[in-house]
Amino acid sequence: MLAEIVTAAVMIGSLLCFIHGWMHREHWLTAAFFIGGFIFGVVRENIVALMPGMYSYPDHAFYIGAAPMVMWFGWSVSFYASWVVGNRILEAFAPKWKDNLWAILLTAAVITAFISLPVEIAAGAPETGWWVWPPEAIPVWYEMPPIVPFGWGGASFLFLLFFLTIKKRDAEPRTNALLFIAASFLVTILHLVYTFVIRSIIVLLIG
Amino acid sequence: MHMEIHEDILPVLAILGVILSMTGVNLFIIGDPMRALSAVPLSLVLVLWLVAVLKLRRSESAS
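Criteria and thresholds
Note on numbering: residues in each chain are counted from 1, in written sequence order. Throughout, the order in which chains and ligands are written sets their labels, letters from A for the former and numbers from 1 for the latter. Owing to the predicted nature of the model, reporting of local features is limited to residues with pLDDT of at least 70; listing and counting of side-chain atom pairs is limited to 80 or more, with chain, interface and lining totals taken over all residues. With hydrogens and water excluded, all non-hydrogen atoms of the structure serve as input to the side-chain values. The numbering of helices and of strands both runs from the N terminus, where a helix is a DSSP run of H or I of at least 4 residues and a strand a run of E of at least 2. This radius of gyration counts C-alpha atoms alone. The globule rule is 2.2 Å times how many residues there are, raised to the power 0.38. The cut-offs for exposure are 20% and 50% of the maximum accessible area for each residue type, with area from a 1.4 Å probe on protein chains only; residues under the lower value are buried, those over the upper are exposed, and the others partly exposed. We call two residues contacting when some pair of their heavy atoms lies within 4.5 Å. Where accessible areas are quoted, they stem from the Shrake-Rupley method and a 1.4 Å probe; at the residue level, only the protein chains shown are allowed to cover. Charged-residue counts in this description rest on Lys and Arg as positive and Asp and Glu as negative, His and the chain ends being excluded. Each charge is placed at NZ for Lys, CZ for Arg, CG for Asp and CD for Glu. The set of buried Ala, Val, Leu, Ile, Met, Phe, Trp, Tyr and Cys residues whose side-chain atoms join them within 4.5 Å is what this entry labels a nonpolar core. The term buried area denotes the loss of accessible surface (1.4 Å probe radius) that occurs when two parts are joined, taken as the sum for both partners. The term salt bridge refers to a side-chain nitrogen of Lys or Arg lying within 4 Å of a carboxyl oxygen of Asp or Glu. Whenever two N or O atoms come within 3.5 Å, that pair is a polar contact, provided that in protein one can donate a hydrogen and the other can accept it, and provided that, for residues adjacent in sequence, both atoms are side-chain atoms. Structural elements are reduced to axes, namely lines fitted to C-alpha atoms, with helices fitted over the stretch in contact, and the angle between N-to-C directions of any two is expressed from 0 to 180 degrees. Angular relationships are summarised with four words: roughly parallel below 35 degrees, roughly antiparallel beyond 145, roughly perpendicular across 65 to 115, and oblique for the angles in between. Any residue that is not Ala, Val, Leu, Ile, Met, Phe, Trp, Tyr, Cys, Pro, Asp, Glu, Lys or Arg is counted as polar, Gly included; the first ten are nonpolar and the last four charged. Helix span, expected: 1.5 Å multiplied by one less than the number of residues in the helix.

**Here we look at the overall build of chain A**
Across its full length, chain A carries 7 helices and 2 strands. Starting at the N terminus, the α and β elements of chain A follow one another as α-α-β-β-α-α-α-α-α. Its C-alpha radius of gyration of 17 Å places chain A within 12% of the 17 Å reference for a compact globule of 207 residues. Each principal axis of the C-alpha distribution contributes one length, and for chain A these read about 50 × 35 × 30 Å. Across the 207 residues of chain A, 54% fall into the buried class. In chain A, once contacts between residues fewer than 6 apart in sequence are set aside, the share between residues at least 24 apart is 70%. Working note: accessible area of chain A is about 9200 Å², and carbon and sulfur atoms make up 72% of it. Both charge centroids of chain A, one from 10 positive and one from 12 negative side chains, sit 14 Å from each other.

**Side note on the nonpolar core**
Within the largest apolar cluster, 78 residues are counted, with the highest numbers of intra-cluster contacts made by Phe33 and Trp130 of chain A together with Met22 of chain B. Contributing elements (two or more residues each) for this core: helix H1 (3-24), helix H2 (27-50), helix H3 (69-93), helix H4 (101-122), helix H6 (147-167) and helix H7 (173-206) of chain A together with helix H1 (9-30) and helix H2 (40-62) of chain B.

**Points about the interface of chain A and chain B**
Counting from both sides, the interface comprises 37 residues of chain A and, opposite them, 33 residues of chain B. Interface of chain A and chain B: buried area, both sides summed, is about 3000 Å²; carbon and sulfur atoms make up 79% of it. Applying the counting criterion to the chain A and chain B interface returns 3 salt bridges. Among the ionic pairs, Arg35 of chain B bridges to Glu143 of chain A, the shortest N-O distance being 2.7 Å. Linking chain A with chain B are 9 residue pairs in polar contact (both at pLDDT 80 or more), by the criterion used here.

**Structural notes on the packing of H1 of chain A against H1 of chain B**
Where H1 of chain A contacts H1 of chain B, the axes come no closer than 8 Å and their chain directions differ by 170°. By the angle between their directions, the pair H1 of chain A and H1 of chain B is classed as roughly antiparallel. Residues Ile5, Val6, Ala9, Gly13, Leu16, Cys17, Ile19, His20 and Met23 of chain A of H1 of chain A pack against Leu10, Pro11, Leu13, Ala14, Ser21, Met22, Val25 and Ile29 of chain B of H1 of chain B. Here the contact of H1 of chain A with H1 of chain B is built from residues that sort into 14 nonpolar, 3 polar and no charged.

**A closer look at the side chain of Ser76 of chain A**
All names here are of chain A. Along the chain, Ser76 falls in helix H3. Residue Ser76 is classed as buried on the basis of its relative accessible area of 0%. Contacts of Ser76, omitting those with residues within four sequence positions, involve Phe33, Phe34 and Gly37.

**Structural notes on unusual backbone geometry**
Phi at Tyr142 of chain A is positive, roughly 50°, even though this residue is not glycine. Assignment of secondary structure puts Tyr142 of chain A in the loop between helix H5 (125-128) and H6.

**What to know about H2 of chain B**
Counted at 1.5 Å a residue, the expected span for H2 of chain B with its 23 residues is 33 Å, and the 33 Å between its end C-alpha atoms agrees. The secondary structure elements touched by the buried residues of H2 of chain B are H3 and H4 of chain A together with H1 of chain B.

**Quick word on the pattern of salt bridges**
Oppositely charged side chains can pair when the atoms bearing their charge come close. As enumerated under the stated definition, the model contains 7 salt bridges over all chains in all. In this structure, Arg44 of chain A engages Glu45 of chain A in a salt bridge whose closest nitrogen and oxygen atoms are separated by 3.4 Å. Taking the relative accessible area as the measure of exposure, Glu45 of chain A reaches 2% and is therefore buried. Arg88 of chain A is the partner of Glu91 of chain A in a salt bridge, and the nearest nitrogen-oxygen pair spans 2.7 Å. Residue Glu91 of chain A and its partner Arg88 of chain A are both found in helix H3; the two are separated by 3 residues, about one turn of the helix. Overall, the relative accessible area of 10% leaves Arg88 of chain A in the buried class. Counted as one network, the salt bridges with shared partners bring together Arg88 and Glu91 of chain A together with Glu7 and Asp8 of chain B.

What follows is the structure in structure tokens.
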């Protein structure tokens, strides 16, 4: 039942971020952001479940295939909150960079990577059964393998790269929203490739 | 347009919720307070956000 704690934290956070997007941003694009995050979470976790040597989610109440409810919304809320908070920090401390795409992406990626730490370590995700790492995973801080912050940060970078690039297109918001929803499948595949490249580099360095 | 602290408050509350719920699980279920150190970088991000908002408000009121 411990999985309901992280699921509740994610659901409340998602609702807050969705309301924020609806109030401050274009409605179609806000909907596309969270639908894209939903697709990313569900498709990605189902592909991961088919791969050997990856983590699993043994103790959740609701799943779509192998993707537990926490992952349906967990990615998008992390990306959205990191993006908003990161933009404000850039605006105040590096105003020259506040409209620079790469600065926005890097700032959001670092914040998303920081979100992964308490979820993985403070709450001891593998101990609470939220997800379980395979025996071959190399822990660097309690049970956390080094791929975790890189995986989360890279996901934020790729997702926002596609979202912000498509958002800037000279087209109707509805068209851009639909294009981003379609692109979220590509973001999912790119992130899986990225994860395997980073994992291989980590194994070469510390394995 | 005036920069108000409540403009970003909903995403900030979402992050604060992660920090509080995860450290709560840490203290009351896992029982290993040293793990709470993992929430320090994210907590510093929120501190930096607060300083950023105050800095922007001050520069707006000065202009």
